[in-house]
Structures are given as C-alpha cells and as structure tokens.
Amino acid sequence: MAGETGRSYRRQMMGDGVEDGTTARAGAPLVVLSGVNKHFGRLHVLVDVDLVVHRGEVVVVIGPSGSGKSTLCRVINRLEPADSGTVTVDGVPVPAEGKALARLRADVGMVFQQFNLFAHKTVLENVTLGPVKARRTRRADAEAEAMRLLERVGVADQAHKLPAQLSGGQQQRVAIARALAMHPKVILFDEPTSALDPEMINEVLDVMVALARDGMTMVVVTHEMGFARRAADRVVFMDGGRIVEQASPEEFFTAPRSDRARDFLSAILTH
C-alpha cells in the first residue's frame, strides 16, 4: 500500500546538491527524465531536471507557484517539448510528433486542473472516445469498460449526462475514468483538485488514493499535503525550476534537508 509505514528507502546524494530518497519497493524505471531544460522566452522553467519514476510508484511533486511543477508534468507527454535533455517512457524516447507521439500519449494518461471534458458529449461518450478512436476497441466493449470505470470512481449514475450537469468533483472523477479507460502505463495529475470547491476535493483525492493502493504509476502535481502524506512513495520538492530535494513523505515532512524546503513547509503548514 502506498505510504504504508515501515517501507524501506534507499538514500543517496545526487549531483548539484540535490538530495534524494527513493523507494526500494517500486519496479523498473518507467519514466526517465535526464538533463531536461525548458524555457519560455527568457524564463528558464526547468533547469537540468533529472527524475526517475519507477513502475508502480506514486511520485508527488510539490513546491511554490512558478517552480516548474506543471511544466515538468507536461514535458513528460510532450504537451510542452523540452529544449534539451531526454524523456523516455518505458524505455522509449518521447517522439516529437505524428502517430508515434499519439501512441505514447495513449500510454500516458493525463488529468488536468480544468477537467477538459468534451462539453457536447455525454459522460459515457467522453470515456469511450479514446479507446474507440485510439485503441480501436469495439464500441460495445468500450462502453462496458467505461461503465465499470465510472462505477469504480462513483459516478456510474451520471453516465448519460453532459459534463455541465455534473459538479466539479464529479467531472474530475469522470476525467480520471477517461484516463484509466486507455489502460495507461502511468497517469499524470496536474493539480487535479485546485479548481474544486473545498467540499469536493476529498471525493477526488479518495479516488486517487485508491488508485495508488492498486499500484497505478502516478506523477501528481498538487498542493494537497495530506494526499502526499497518505499516498506518495516519494515527495519531489521543486523550486526555481530545479528538483531541490526528494524523500519519502515521512522524511520530507518531518525532517526536510534543504533550507528552501524547510521554509516552504513552515509557510504552508502553519496557516
């Protein structure tokens, strides 16, 4: 179970002062970023980023606004191309374009802050579209799988409604079901609860915790420290476009090793 006590961690010092604590129980490397840089004009948003996400691992990325967290997520599936460095998923370099990139994105699920559901399609149609179009799944099979997934995230009774008829929390759970329908190797979550009203946040986080417990490989950009404590195998702290520190949740929240992480936690956990 993700976050369970007693899990052993290996710790090693990385170059450039980055401190690393990574889980020993996860499988082989699945997502690997090496020397990744990204600029938006003169702004250097990712600076020599090295990150390995293992199969079955839940990595939670936290840090102040503007630290590069969301860009890191978007570079993995090439919604934003890296300027330099390499990104591989399951040993395959992320393609630049075309059918190869479409195949890669089928293996890398993405759940966005703003849901990004098709407004003119029903919940069921939103979940089946990817499998039918990209995976060439028979529609009847896709619909049966979609209903199973909608049941899993607790919104099966909303299957024939349009997204606008659902609450924000329900829409985000549909978005998670849509990602799962593609049977991805990893799911990226880009601040999935930041657009939700407070009472809706837990219903989405509960689904994500269940996915973590089931062994889904996940990279989660979030401000929800409670989720990081409950579900993460590893917390990655970013600041100024760099990965400053990596550790288990227990290590990070009780004894952060960098001054910047200590300042960040002091600011957010005392309010």
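Residues numbered from 1 in each chain as written. Predicted model: local features only at pLDDT ≥ 70, side-chain atom pairs only at ≥ 80, totals over all residues. Heavy atoms only, no water.

1. Comments concerning unusual backbone geometry
Selection rule: Helix and strand labels come from DSSP, where a helix needs a run of H or I of at least four residues and a strand needs a run of E of at least two; each type is numbered from the N terminus.
The residue Asp-48 is not glycine, and still its phi comes out positive at about 50 degrees. Here Arg-136, not a glycine, exhibits a phi torsion of approximately 60 degrees, which is positive. Assignment of secondary structure puts Arg-136 in the loop between helix H3 (123-133) and helix H4 (139-152).

2. Looking at the sheet that holds strand E4 (residues 43-54)
Filter applied, for reference: Following DSSP output, two strands are said to pair if at least two bridges run between them.
Strand order in this open sheet of four strands is E4-E3-E6-E7, and the pairing throughout is antiparallel. One side of each edge strand has no neighbouring strand; the edge strands of this open sheet are E4 and strand E7 (92-93).

3. Topic: the packing of H3 against H4
The line we're drawing: For helices, the fitted line uses only the C-alpha atoms of the stretch in contact; every axis is such a line through C-alpha atoms, and the angle between N-to-C directions lies from 0 to 180 degrees. Angles below 35 degrees are treated as roughly parallel, those above 145 as roughly antiparallel, those between 65 and 115 as roughly perpendicular, and all remaining angles as oblique. What makes a crossing left-handed is the near helix being turned counterclockwise from the far one by less than a right angle; a clockwise turn instead makes it right-handed. Note on contacts: a residue pair is in contact if any heavy atoms of the two residues lie within 4.5 Å.
The contact between H3 and H4 brings their axes to 9 Å, and the two run at 125 degrees. By the criterion of interaxial angle, the relationship of H3 to H4 is oblique. Note that H3 runs across H4; the crossing there is right-handed. Mapping the contact onto sequence places Val-123, Leu-124, Val-127, Thr-128, Pro-131 and Val-132 in H3 and Arg-139, Ala-142, Glu-143, Ala-146, Met-147 and Leu-150 in H4.

4. Considerations on the layout of surface pockets
Operational definition: A pocket, in this scheme, is an open set of points on a 1 Å grid over the protein atoms alone with protein on both sides within 12 Å along at least 5 of 7 lines, while a cavity is a set where a 1.4 Å probe fits but cannot get out; residues line either one if an atom lies within 4 Å of a point. Grid points are joined across faces, edges and corners, and a volume is the space filled by probe spheres set on the points. In this count, Pro and Cys sit with the nonpolar residues alongside Ala, Val, Leu, Ile, Met, Phe, Trp and Tyr, while Asp, Glu, Lys and Arg are called charged and the others, Gly among them, polar.
Each pocket or cavity is described by its volume, and for the largest pocket that value is around 450 Å³. Forming the walls of the largest pocket are 21 residues, and the residues nearest its centre are Arg-105, Met-110, Phe-112, Arg-178 and Met-182. Listing elements by their share of the lining of the largest pocket, those giving two or more residues are helix H2 (98-107), strand E8 (108-111), H3 and helix H5 (168-180). Tallied by class, the residues present in the lining of the largest pocket amount to 13 nonpolar, five polar and three charged.

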